[in-house]
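# Analysis of the macromolecular model
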Amino acid sequence: MLALVCERHHFIVHSFCQMSNHYHLLVETIEANLSQGMRQLNGVYTQHFNRRHKLVGHVLQGRYKAILVQKENYLLELARYIVLNPVRAHMVTSPSDWYWSSHHYFLDDAAPPCWLACDWLLSHFGDTRDEAIANYCRFVAAGIGEASPLACTCHQILLGDETFVSAHQQSQRSDELKDTPRLQRRAVTLTLAQYQARYSDRDEAMARAYLSTAFTMSHIAAAFHVSSRTVSRAVSAFRKAQPAADRDGQG
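Treat the numbers as computed from the prediction; the structure is a model and nothing was measured. (Residues numbered from 1 in each chain as written. Predicted model: local features only at pLDDT ≥ 70, side-chain atom pairs only at ≥ 80, totals over all residues. Heavy atoms only, no water.)

## Brief notes about the overall build of the protein
Secondary structure summary: the protein contains 14 helices and four strands in total. Here the protein holds 251 residues, and 41% of them are scored as buried. The contacts in the protein between residues at least 6 apart in sequence include a share of 59% that link residues at least 24 apart. If you sum the accessible surface of the protein, you get close to 14300 Å²; carbon and sulfur atoms cover 52% of it. (Helix = DSSP H or I, 4+ residues; strand = E, 2+ residues; numbered from the N terminus. Buried < 20%, exposed > 50% of the residue type's maximum accessible area, 1.4 Å probe, protein only. Contact = heavy atoms within 4.5 Å. Areas by Shrake-Rupley, 256 points an atom, 1.4 Å probe, with all protein chains shown as cover.)

Right, here's the structure in full:
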């Protein structure tokens, strides 16, 4: 299923690990379409699981959690963290003993799936394959017992240096952030009270809050003590009145 999703949505996977009741993916989205791909992956898997076990209802708890990562500074650490999950859970003593992760693809001579970017990651560890594999193994082993790089996540949504975090906080409606769950997006946007204080025109405040993609019309209506229809009209009027460039950069 992951192979089909990667082919259809042009995902590149740098690391993955399937655990007993959850999974981790380190995904690069060429077309900023994470939500569509994840919806297909989780949805098709749920349908298959329910048919196989003659069940109905949800298989996965809640929506996936997405963190936008600065590739240059954190991708290698996250790739290591992901394949070490079974070791931290005391399910195996070495990541190579856990078949259901990307780790063994970096060690075997067999060709990895086309959607797994083994060559890109290994290129950071040496000029020849043997050298790169040896250095990669040492790098992974050195991560056992290390703190999670996710502990450095800012606002539960961004992992990167100060420049990276600042840039994405200032462009909250970027394609990358729109692919993250709404509750996570609220962490980097203004609160509804702040929208009310910043914009004296009530309709503009409601419209800008909605266009941040962090709040539903119902949330905004409750905060501003109006109906959802009033919010909808304010958003429509604001969109017509503002140039597209100005609308897309609201925070």
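And the narrative resumes.
## Looking at the environment of Asn42
With respect to the element layout, Asn42 can be found in helix α2 (residues 34–53). You can call Asn42 buried: its relative accessible area is 16%. For the pair Asn42 and Val59, spaced 17 residues apart in the sequence, the C-alpha separation amounts to 8.9 Å. Discounting chain neighbours no more than four positions away, the residues touching Asn42 are Tyr23, Leu60 and Tyr64.

## Focus on the nonpolar core
Grouped together as the largest cluster of nonpolar side chains are 37 residues, with contacts concentrated most on Trp115, Leu121 and Tyr136. Listing elements by their share of this core, those giving two or more residues are α1 (2–9), β1 (11–18), α2, α3 (71–83), α5 (118–122) and α6 (129–142). Top element by residues in this core is α3. It accounts for seven residues. Ignoring any residue separated from it by four or fewer positions in sequence, one finds Leu121 in contact with His14, Leu75, Leu76, Ala79, Phe106 and Tyr136. (Core = buried A, V, L, I, M, F, W, Y, C linked by side-chain atoms within 4.5 Å.)

## Brief notes about the pairing of β1
Most of β1 is tucked away: six of the eight residues are buried. Following β1, the chain reverses through four residues before pairing antiparallel with strand β2 (residues 23–29). (Pairing = 2+ DSSP bridges.)

## Re the packing of aromatic side chains
With the rule as written, the count across this model stands at nine aromatic pairs. Residues Phe125 and Phe139 carry aromatic rings whose centres are separated by 5.2 Å and whose planes lie at 50 degrees to one another, so their mutual orientation is tilted. With Phe125 in the loop between α5 and α6 and Phe139 in helix α6, this residue pair connects regions lying 14 residues apart in the sequence. The structure contains a cluster of three or more aromatic residues connected by ring pairs, namely Phe106, Phe125, Tyr136 and Phe139. (Phe/Tyr/Trp six-rings, centres within 6.5 Å; stacked < 30°, edge-to-face > 60°.)

## Concerning the pairing of β2
Pairing of β1 with β2, which is carried by seven bridges, proceeds in the antiparallel orientation. In the strand pairing of β2, Cys17 is matched with His24.

## Overview of the side chain of Thr46
If you trace the backbone, Thr46 turns up in helix α2. Thr46 has contacts with Gly57, Val59 and Leu60, leaving out every residue within four places of it along the chain.

## Things to note about the confidence of the model for the protein
The predicted model of the protein averages 84 in pLDDT, with 86% of residues at 70 or higher. Summarising per-element confidence for the protein, the mean pLDDT is lowest in helix α14 (residues 244–248) (44) and highest in helix α4 (residues 85–88) (96). (pLDDT = per-residue confidence, 0-100.)

## With respect to the layout of surface pockets
Quantified by volume, the second largest pocket comes out at close to 670 Å³. Along the walls of the second largest pocket sit 25 residues, with Gln18, His22, Tyr23, Leu41 and Tyr45 positioned nearest its centre. Sorting the residues of the lining of the second largest pocket by element identifies β1, β2 and α2 as the ones contributing at least two each. For the lining of the second largest pocket, the element with the highest residue contribution is α2, accounting for four residues. When grouped by side-chain class, the residues that make up the lining of the second largest pocket number 17 nonpolar, eight polar and no charged. (1 Å grid on protein atoms, 1.4 Å probe; cavity = no way out; pocket = protein on both sides within 12 Å on 5 of 7 lines; lining within 4 Å. Points joined across faces, edges and corners; volume = space filled by probe spheres on them. Nonpolar A, V, L, I, M, F, W, Y, C, P; charged D, E, K, R; others polar.)

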